[in-house]
Amino acid sequence: MLKHIASAAIAASVLMSSSAVMANDWFVGATVGSANHGFKADEDGDKPKFKDTYTGLRAGTFINDNIRVYANLGQVKGTDKESIGPVSLTGKIKNQELSVSADYVDNLLQLENTKYFVGGTLGYNRMKLDLDIEEGNDKLSASGKDNAALYGVQFGLIQEFTPSISAELGYRYSRMNNKVNLNNPDFDEPVEFKQKDQKLAYINVSYRF
């Protein structure tokens, strides 16, 4: 598996660095999924728990029968609501991703139209976080954002329905060390959030030209 990931990553580097590389099998696709973010716990050991939805688009090409590379444009939105006595806390998170992926693709158990893939992703993640604290008619708000590198690995299955249309079920684990400080003059001290990783389960439908 590591050999396949390395081969896919090398292929992606060659494609991006050389204008001489061309391919005929281009594809575009749409992705939806569910994401779970890992945060560093605060001093009390608490972590936010967002219910996140991922939506995205991709476009890429097959270099050969086994190597594909593609660009991803995706967004994750989530909300976390908690109540502590009369106090209501609402957090809203948005992650915007721009990345490049490379996969090794091959037939699964000699099945003609069912394939597996494994690969890696490298890119950029922008995290924005909003926090609202309400008690009766009083409300405090704060927001912050941060940019960080994103890198991860993915694997899954592809089912080809026609030579042009396929569906993909995949899982990706990514690291993105975004750090946001939420500050408000009425806060005793800034509230810090450190996002460590993202676990994404997704479905993609693609059209191959």
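The structure presented is a predicted model; accordingly, all values stated were derived computationally and were not measured.

Reading the values: rules and limits
Residues numbered from 1 in each chain as written. Predicted model: local features only at pLDDT ≥ 70, side-chain atom pairs only at ≥ 80, totals over all residues. Heavy atoms only, no water. Helix = DSSP H or I, 4+ residues; strand = E, 2+ residues; numbered from the N terminus. Buried < 20%, exposed > 50% of the residue type's maximum accessible area, 1.4 Å probe, protein only. Contact = heavy atoms within 4.5 Å. Areas by Shrake-Rupley, 256 points an atom, 1.4 Å probe, with all protein chains shown as cover. Salt bridge = Lys/Arg side-chain N within 4 Å of Asp/Glu carboxyl O. Pairing = 2+ DSSP bridges. Axes fitted to C-alpha atoms, helices over the stretch in contact; angles between N-to-C directions. Phe/Tyr/Trp six-rings, centres within 6.5 Å; stacked < 30°, edge-to-face > 60°.

Caption draft 1: Spatial organisation of the overall build of the chain. When its secondary structure is counted, the chain shows one helix and eight strands. Put simply, the chain runs from its N terminus to its C terminus through helices and strands in the order α-β-β-β-β-β-β-β-β. Split into buried and exposed, the 209 residues of the chain put 39% on the buried side. Residue pairs in contact within the chain that sit at least 24 positions apart in sequence constitute 65% of those at least 6 positions apart. For the chain, the accessible surface area stands at approximately 12,100 Å², while carbon and sulfur atoms represent 56% of it.

Caption draft 2: The side chain of serine 174, seen in detail. In this structure, serine 174 sits in strand E7 (residues 165–182). Apart from residues lying up to four places away in sequence, serine 174 is in contact with Leu150, Tyr151, Gly152, Lys196, Asp197 and Gln198.

Caption draft 3: Here's a closer look at the pattern of salt bridges. By the definition in use, this model includes 10 salt bridges. The partner of arginine 208 in a salt bridge is aspartate 25, with the nearest N and O atoms 3.0 Å apart. Pair noted here: arginine 208 is in strand E8 (residues 191–208) and aspartate 25 is in strand E1 (residues 25–39), with a separation of 183 residues, a long-range link. In this structure, lysine 199 engages aspartate 197 in a salt bridge whose closest nitrogen and oxygen atoms are separated by 3.6 Å. A relative accessible area of 7% means that aspartate 197 is categorised as buried. Residues joined in a network through salt bridges with shared partners are Arg58, Arg68, Asp103 and Glu168.

Caption draft 4: Spotlight on the sheet that holds strand E4 (residues 87–107). Around the barrel, which closes on itself, the eight strands sit in the order E1-E2-E3-E4-E5-E6-E7-E8 with antiparallel pairing between neighbours. Sheet twist, expressed as the average angle between the axes of neighbouring strands with direction ignored, equals 20°. The sheet contact formed by E1 and strand E2 (residues 51–62) spans 11 bridges and is antiparallel. Considered in E2, the bridge of aspartate 25 is made with phenylalanine 62.

Caption draft 5: Local environment of the packing of aromatic side chains. By the definition in use, this model includes five aromatic pairs. Members of the aromatic cluster, connected to one another through ring pairs, are Phe27, Phe62 and Tyr70.

Caption draft 6: Structural view of the pairing of E2. Two elements, E2 and strand E3 (residues 67–84), share 12 bridges in a ladder whose sense is antiparallel. Its bridge partner being in E3, phenylalanine 62 is matched across the sheet by arginine 68. Between the end of E2 and the start of E3, which pair antiparallel, lie four residues.

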